[in-house]
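What follows is the residue order along each chain.
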Amino acid sequence: MERSRLLQCLAADYMRLREVAGAGLTAKVPTCMPWTVADLVRHVGQVYLHKAEVMRIGSWPDPWPPAEVLTEHPIALLDRGYGALTHEFSRRHDTDRAKTWHNPDQTVKFWIRRMALETVIHRLDAELAHDVEAAPIPDDLASDGVAELLELFVGYASRESPDEFKPALEHAKGHAVLVRLLAPPPLSRSWLVTAANDHVAVTTASGSPLTSPPAATVTAAPVPLLRWLWARESTPTTDAHSPIEVDGDEEAIAELRSLLRAGTQ
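Below or above, wherever it landed, is the structure these notes cover. (Residues numbered from 1 in each chain as written. Predicted model: local features only at pLDDT ≥ 70, side-chain atom pairs only at ≥ 80, totals over all residues. Heavy atoms only, no water.)

Thoughts on the pairing of strand S2 (residues 189–195)
Line of reasoning, step 1. Of all seven residues making up S2, five are buried, and the element is well covered by its neighbours.
Line of reasoning, step 2. Relative to S2, strand S1 (residues 176–181) is paired through six bridges, and the arrangement is antiparallel. Each residue of the ladder has a partner; that of valine 179, found in S2, is tryptophan 191.
Line of reasoning, step 3. Bridging between S2 and strand S3 (residues 200–204) involves five bridges; their strand directions are antiparallel. Residue pairing across strands places tryptophan 191 opposite threonine 204, the latter belonging to S3.
Line of reasoning, step 4. Counting the residues in the hairpin turn of S2 and S3 gives four residues. (Buried < 20%, exposed > 50% of the residue type's maximum accessible area, 1.4 Å probe, protein only. Helix = DSSP H or I, 4+ residues; strand = E, 2+ residues; numbered from the N terminus. Pairing = 2+ DSSP bridges.)

See the structure below:
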C-alpha cells in the first residue's frame, strides 16, 4: 500500500478508536483480557509515542516508558501519541532509515504500515468491548494485514523469537494449512502455513497445484479473513463480504490457531 493510503487508514481508525473509547473507559475488552478500554487506549498511545521516539533518536529508547504516561489520561495520551507519531512521519521519507524489529526492513515505511495495522485491530477491540457495529475496513488494508500477520508475525517471528513459539511447536504435528484470500487481483493471494521442528514455514502459494494436498484450508475475502486470523471476528457487522470457509482436519485448524496466538501475544 502507498504511504498516503496507509496514513489515511491510520487517521480514520485512530478517530474511530477515540470515538468508541469515548463511550466509556471501564468496559472490559474480551479480546485482550484483562484489559479495560482505558488499558487498550493507553497501550495504543504508548505504542505511538514509542515509535515516534524510535524515529526521533534512531534507536530503541531506554528506559521506556516515561513515568508520565502511566498517569496521563488515556485519551489525552492517545491524542499526544498520535500527534507525535504523525509529526515524525511528516518529517521523513518512506525510505529514510528507522530502527525496526524486522531486520530486512529498517525504514520509516515499515512503521507507517505497522501503525496503520496496529490501529485497525485495536479499534476492533474497542468496538468489541462496547458491543457496537464494526466500522468498515477497506479491502486493501485488510489484505495487507493478512500478509503482515502470516509473513512477519508468524513466519519471520518464529525464526527470530523461537522461544515465543516453542510451546506451540512442541505440540504441533506439522499439518499444512492453506490460507486463501479471495479478492479481485492484485489482492487475491494464498499462503501455505506449516509447523516445522523449530519454526513456522510460511510460503506464498502460486496458482499451480500443490505437490500434496493441505490438511485444511481457510478461505475468505480480506476483511473476514483478517478478523478470523486475529480472532476478532465476532463483532456484529453489516459487511457484505463472503464468510469464512474452513475445511479439512480440525486438528490442523487448531494448530494454526495456536501458532497465530504465539505470534500475536
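Quick word on the layout of surface pockets
Line of reasoning, step 1. Its boundaries defined by the atoms lining it, the largest pocket holds a volume of some 950 Å³.
Line of reasoning, step 2. What lines the largest pocket is a set of 33 residues, among which Phe153, Trp230, Gly263, Thr264 and Gln265 lie closest to the centre.
Line of reasoning, step 3. Of all the secondary-structure elements, those providing two or more residues to the lining of the largest pocket are helix H2 (37–57), helix H4 (108–130), helix H5 (139–160), helix H6 (162–170) and helix H8 (250–264).
Line of reasoning, step 4. A per-element tally of the lining of the largest pocket places H4 first, with seven residues.
Line of reasoning, step 5. For the lining of the largest pocket, the class distribution of residues is 17 nonpolar, nine polar and seven charged. (1 Å grid on protein atoms, 1.4 Å probe; cavity = no way out; pocket = protein on both sides within 12 Å on 5 of 7 lines; lining within 4 Å. Points joined across faces, edges and corners; volume = space filled by probe spheres on them. Nonpolar A, V, L, I, M, F, W, Y, C, P; charged D, E, K, R; others polar.)

Examining the packing of helix H1 (residues 3–21) against H2
Line of reasoning, step 1. Look at H1 against H2: their axes get within 10 Å of each other, and the N-to-C directions meet at 150 degrees. Viewed along their axes, H1 and H2 adopt a mutual orientation that is roughly antiparallel. In this structure, H1 crosses over H2, and the sense of that crossing is left-handed. Seen from H1, the contacting residues are Leu10, Tyr14, Leu17 and Ala21; seen from H2, they are Val37, Leu40, Val41, Val44 and Tyr48.
Line of reasoning, step 2. The residue makeup of the contact of H1 with H2, split by class, is nine nonpolar, no polar and no charged. (Axes fitted to C-alpha atoms, helices over the stretch in contact; angles between N-to-C directions. Parallel < 35°, antiparallel > 145°, perpendicular 65-115°, else oblique. Left-handed = near helix turned anticlockwise from the far one by under 90°. Contact = heavy atoms within 4.5 Å.)

A few points about the pattern of salt bridges
Line of reasoning, step 1. Using the criterion set out here, one finds 17 salt bridges in the structure.
Line of reasoning, step 2. Two residues, glutamate 148 and arginine 114, come together in a salt bridge whose shortest N-O distance is 2.7 Å. One end of the pair, glutamate 148, is in helix H5; the other, arginine 114, is in helix H4, with 34 residues separating them in the sequence. You'll find glutamate 148 and arginine 114 in the same group, each marked buried.
Line of reasoning, step 3. Through salt bridges with shared partners, one network takes in Asp13, Arg16, Glu19, Arg123 and Glu127. (Salt bridge = Lys/Arg side-chain N within 4 Å of Asp/Glu carboxyl O.)

Here's the deal with the nonpolar core
Line of reasoning, step 1. In this structure, Tyr48 and Phe89 are the most contacted members of the largest nonpolar core, which totals 77 residues.
Line of reasoning, step 2. Per-element tally for this core: the top contributor is H4, with twelve residues.
Line of reasoning, step 3. Ignoring any residue separated from it by four or fewer positions in sequence, one finds tyrosine 48 in contact with Leu10, Tyr14, Leu78, Gly81, Tyr82, Leu85, Met115 and Thr119. (Core = buried A, V, L, I, M, F, W, Y, C linked by side-chain atoms within 4.5 Å.)

Topic: unusual backbone geometry
Line of reasoning, step 1. Residue methionine 33 is joined to proline 34 through a cis peptide bond whose omega torsion reads 10 degrees.
Line of reasoning, step 2. Within the element layout of this structure, proline 34 appears in the loop between H1 and H2.
Line of reasoning, step 3. You will see that aspartate 131, though not glycine, has its phi angle at about 55 degrees, which is positive.
Line of reasoning, step 4. You can see aspartate 131 is positioned in the loop between H4 and H5.
Line of reasoning, step 5. Owing to a relative accessible area of 60%, aspartate 131 belongs among the exposed residues under this scheme.
Line of reasoning, step 6. Although it is not a glycine, alanine 231 sits at a positive phi angle of roughly 55 degrees.
Line of reasoning, step 7. Its location among the elements puts alanine 231 in the loop between helix H7 (222–229) and strand S5 (245–248).

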